[in-house]
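What the coordinates show
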Amino acid sequence: MARVVVDVMPKPEILDVQGQAVSRALTRIGVSGIEVRQGKHFELEVDDSVDDETLHRIAGDLLANPVIEDWKVTRL
Amino acid sequence: MRIGVITFPGTLDDVDAARAVRYAGAEAVSLWHGDHDLQGVDAVVVPGGFSYGDYLRAGAIASLAPIMREVVDGAAKGLPVLGICNGFQILCEADLLPGALTRNEKLHFVCRDQALRVENADTAWTSGYGAGEEIVVPVKNAEGRFVAAPETLAEIEGEGRVAFRYVGGNPNGSTNDIAGVTSANGRVVGLMPHPEHAIDLLTGPSVQGLGLFTSVLAAV
């Protein structure tokens, strides 16, 4: 078994309203100068028979929506 | 004329959609998400709600349900399909419609009566309206902000594939005030507002939503 991480982030050109809201909340705890973008982090326990091509396929077909999100697959 | 209405786990508006189908004079046929069977219906409505609790992304998991494989195959053969709210999100996730629906600009769940302009009155679901006609139907969602890549946007605007546009105020920051879009052949339509809630003055702000359900009667 291998551990694989898939990180999914809104594309840079997509307005990330959740990240903006978090950024604004930071100023309420007295921290300024931080801009947040919010994404998703998936941890996969992967059988050794699953190849990289399959991992990229599931990332692009299901874990991320390529219309609005970028993704990165990392084998740990 | 038989029109299927799909129920997923978490669907809310299937009962109202079926009622709208009956008001239009057709027979409503309940379709179940787990079945590979469209029961020979002439058209399909994918109703609103929170299928699979909006897990992963709104509509993402429902778009892979067994019944959606049948809907995608049917749409390829010209089956009229209407996606309302979560149904619109499902049709985008299933690649039957372009673009995606994202969190509303102000993060608010917006619930109000909304004016729309019918931009394309040549689709299977809008032929009963006049082009440019304005209607008022409820809108209720938190993820209704339509976005698409610039080249996709240019394509759908250039080909007249914006079916409905918000007028009198954009509720969610949707690109170009887009409320609904159609497939290239005009058979598949999706919109965020809820025409099925505007078919009877007892419960809706108008009866102007009924036109979608009567339009499709002429399309099959």
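Just so you know, these numbers come straight off a predicted model, no measurement behind them.

Our next topic: the pattern of salt bridges. Enumeration over the complete set of coordinates arrives at 16 salt bridges over all chains. Across the pair A:Glu45 and A:Arg3 runs a salt bridge, and its minimum N-O distance is 2.8 Å. Note that A:Glu45 is positioned in strand 2 (residues 40-46) and A:Arg3 in strand 1 (residues 2-10), a separation of 42 residues in sequence. Of the residues examined, A:Glu45 reaches a relative accessible area of 49% and is grouped as partly exposed. Judged by its relative accessible area of 39%, A:Arg3 falls in the partly exposed class. B:Arg161 is paired through a salt bridge with B:Glu155; the nearest N and O atoms lie 3.6 Å apart.

Our next topic: the UniProt feature "active site" (unreviewed entry) in chain B. Residues and elements named next belong to chain B. Cross-referencing UniProt, the feature "active site" (unreviewed entry) maps to Cys 85, His 194 and Glu 196 in the present numbering. These residues run over 112 residues, yet every pair of their C-alpha atoms falls within 10.8 Å of each other. In this structure, His 194 sits in the loop between strand 11 (188-191) and helix 5 (210-215). Residue class for His 194 comes out buried when judged on its relative accessible area of 0%. The residues contacting His 194, other than those within four sequence positions of it, are Asp 13, Gly 48, Ile 84, Cys 85, Val 137, Pro 138 and Lys 140. Along the chain, the position of Glu 196 falls in the loop between strand 11 and helix 5. Using a relative accessible area of 1% as the deciding quantity, one classes Glu 196 as buried. Within the structure, the side chain of Glu 196 is placed 2.8 Å from the side chain of His 194, a separation counted as a polar contact.

Thresholds, definitions, all that
Residues numbered from 1 in each chain as written. Chains lettered and ligands numbered in written order. Predicted model: local features only at pLDDT ≥ 70, side-chain atom pairs only at ≥ 80, totals over all residues. Heavy atoms only, no water. Salt bridge = Lys/Arg side-chain N within 4 Å of Asp/Glu carboxyl O. Helix = DSSP H or I, 4+ residues; strand = E, 2+ residues; numbered from the N terminus. Buried < 20%, exposed > 50% of the residue type's maximum accessible area, 1.4 Å probe, protein only. UniProt positions renumbered as here; feature names shortened; annotations may be inferred. Contact = heavy atoms within 4.5 Å. Polar contact = N/O pair within 3.5 Å; in protein donor to acceptor, adjacent residues only side chain to side chain.

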